[in-house]
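# Chain and residue survey
As a plain string of letters, each chain reads:
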Amino acid sequence: MTSIERVRIMVLGDSGVGKTSFVHLAAHNEPIKNPSWTVGCSVEVKLHEYKEGTRDQTTFFVEFWDVGGSKNHQNARQVFYKPCHGAILMHDLSNRKSEKNLQKWLKELLDHDISQISPSSSMRNQSDQDMDAENLMGANNLMPILVVGSKLDQVDDKSRSNVSNDSFRYKYNAEEILLDCRLARYLAAGTSNAVKLSRFYDKVIENKQLDRDRSFSERFGSTTVSSIYSSKFYLTHQD
């Protein structure tokens with residue numbers, strides 16, 4: 001039996017924004033009945049068909065690593081951040097501060113990789129406000145990011161459409177999903193949210209493959225990776 005590959009997605013955001021409820025809905029296609037506070041980290045897994053409907057279709061396990069947002073566990077969270085192939089950053093639509101804090105969460109996630117490159121990097125010493133998108137993502141500019149805004153039922157239409165130039169989604173040109181995690185219809189098959197999620201999973205899988213390519217090249221030089229890995233992942237480009 002062929003083993004199924006896994007990809008890891010970190011789900012980050014302030015306490016109370018609905019990370020656990022979202023992860024349960026995404027993994028099981030139904031709302032969670034009794035959500036609880038996450039202490040440390042909890043993991044949910046779902047099957048995803050990469051490039052579904054094409055000859056490259058392949059089954060992957062998508063792991064959601066739901067990390068607790070308490071400040072008391074800030075120093076301990078780093079143990080969960082490696083490896084990471086993509087990030088879902090969540091905020092509460094009725095709480096603007098939770099959106100502003102997404103920059104802090106992304107910086108925290110990337111700090112581990114930055115320290116491996118240069119422990120004395122000035123990037124690590126910059127405040128969240130001073131760090132711009134180009135500098136921050138320069139450390140890992142291939143990592144797919146999806147922004148999720150929860151508690152849609154608690155804001156009006158005007159608030160939903162009011163996206164300022166300094167919003168996290170705008171700065172990082174990231175896709176965003178808006179939903180009420182208590183209702184399964186927001187992630188129902190065929191909806192725009194479901195399509196965005198599926199595309200995001202595909203990008204995460206491709207990011208893992210690129211990481212593997214880079215690691216191989218660093219260890220063995222410029223040997224053609226397509227001769228090592230399955231051709232269904234590395235097809236010759238034709239114009």
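It should be emphasised that the depicted structure is a prediction, and the values quoted were computed from it without experimental measurement.

Rules behind the numbers
- Every chain is numbered on its own, with residues counted from 1 as its sequence reads.
- pLDDT decides what is reported in this predicted model: residues at 70 or higher carry local features, side-chain atom pairs at 80 or more are listed and counted, and totals for whole chains, interfaces and linings draw on all residues regardless.
- Side-chain metrics rest on all non-hydrogen atoms present in the structure, leaving aside hydrogens and water.
- Any two strands with at least two DSSP-identified bridges between them are counted as paired.
- A run of H or I in DSSP counts as a helix once it spans at least four residues, and a run of E counts as a strand once it spans at least two, with each numbered from the N terminus.
- Whenever a helix is involved, its axis is fitted only over the stretch in contact; in every case the axis is a line through C-alpha atoms, and angles between N-to-C directions fall within 0 to 180 degrees.
- pLDDT is a residue-level measure of predictor confidence that goes from 0 to 100.
- Two residues qualify as a contact provided that any one of their heavy atoms is within 4.5 Å of a heavy atom in the partner residue.
- Any pair of Phe, Tyr and Trp rings, taking the six-membered ring for Trp, is counted once the centres come within 6.5 Å. Such a pair is stacked with planes under 30 degrees apart, edge-to-face with planes over 60 apart, and tilted for the rest.
- Burial classification: accessible surface area is computed with a 1.4 Å probe over protein chains only, and a residue below 20% of its type maximum counts as buried, one above 50% as exposed, and the rest as partly exposed.

## Regarding the sheet that holds strand β5 (residues 145-150)
Ordered in space as β2-β3-β1-β4-β5-β6, the 6 strands form an open sheet in which the pairing is mixed. Every interior strand has two partners, whereas the edge strands, β2 (41-50) and β6 (175-178), have only one. Taken over all neighbouring pairs, the strand axes of this sheet differ in orientation by 25° on average, direction set aside. Strand direction decides the pairing type here: strand β1 (residues 5-12) and strand β3 (residues 58-67), joined by 7 bridges, are parallel. Note on β3: the bridge partner recorded for R6 is F61.

## Some points on the confidence of the model for the protein
Per-residue confidence for the protein gives a mean pLDDT of 82; residues scoring 70 or more make up 73%. Here residues 114-123 is a poorly scored stretch, pLDDT under 50, and it has 12 contacts once near neighbours within four places are set aside; other chains count. Note that residues 224-239 has pLDDT below 50 and, in this model, 21 contacts with residues that lie over four places away or in other chains.

## Some details on the packing of aromatic side chains
As enumerated under the stated definition, the model contains 5 aromatic pairs in all. Ring geometry for W65 and F80: centres 6.4 Å apart, planes at 50°, overall tilted. In this pair, W65 sits in strand β3 while F80 sits in the loop between β3 and β4 (86-92), placing the two residues 15 residues apart along the sequence. Summarising the burial analysis for this pair, W65 and F80 share the class buried. Here the aromatic rings of F200 and Y201 are separated by 6.3 Å at their centres, their planes lie at 50°, and the arrangement is tilted.

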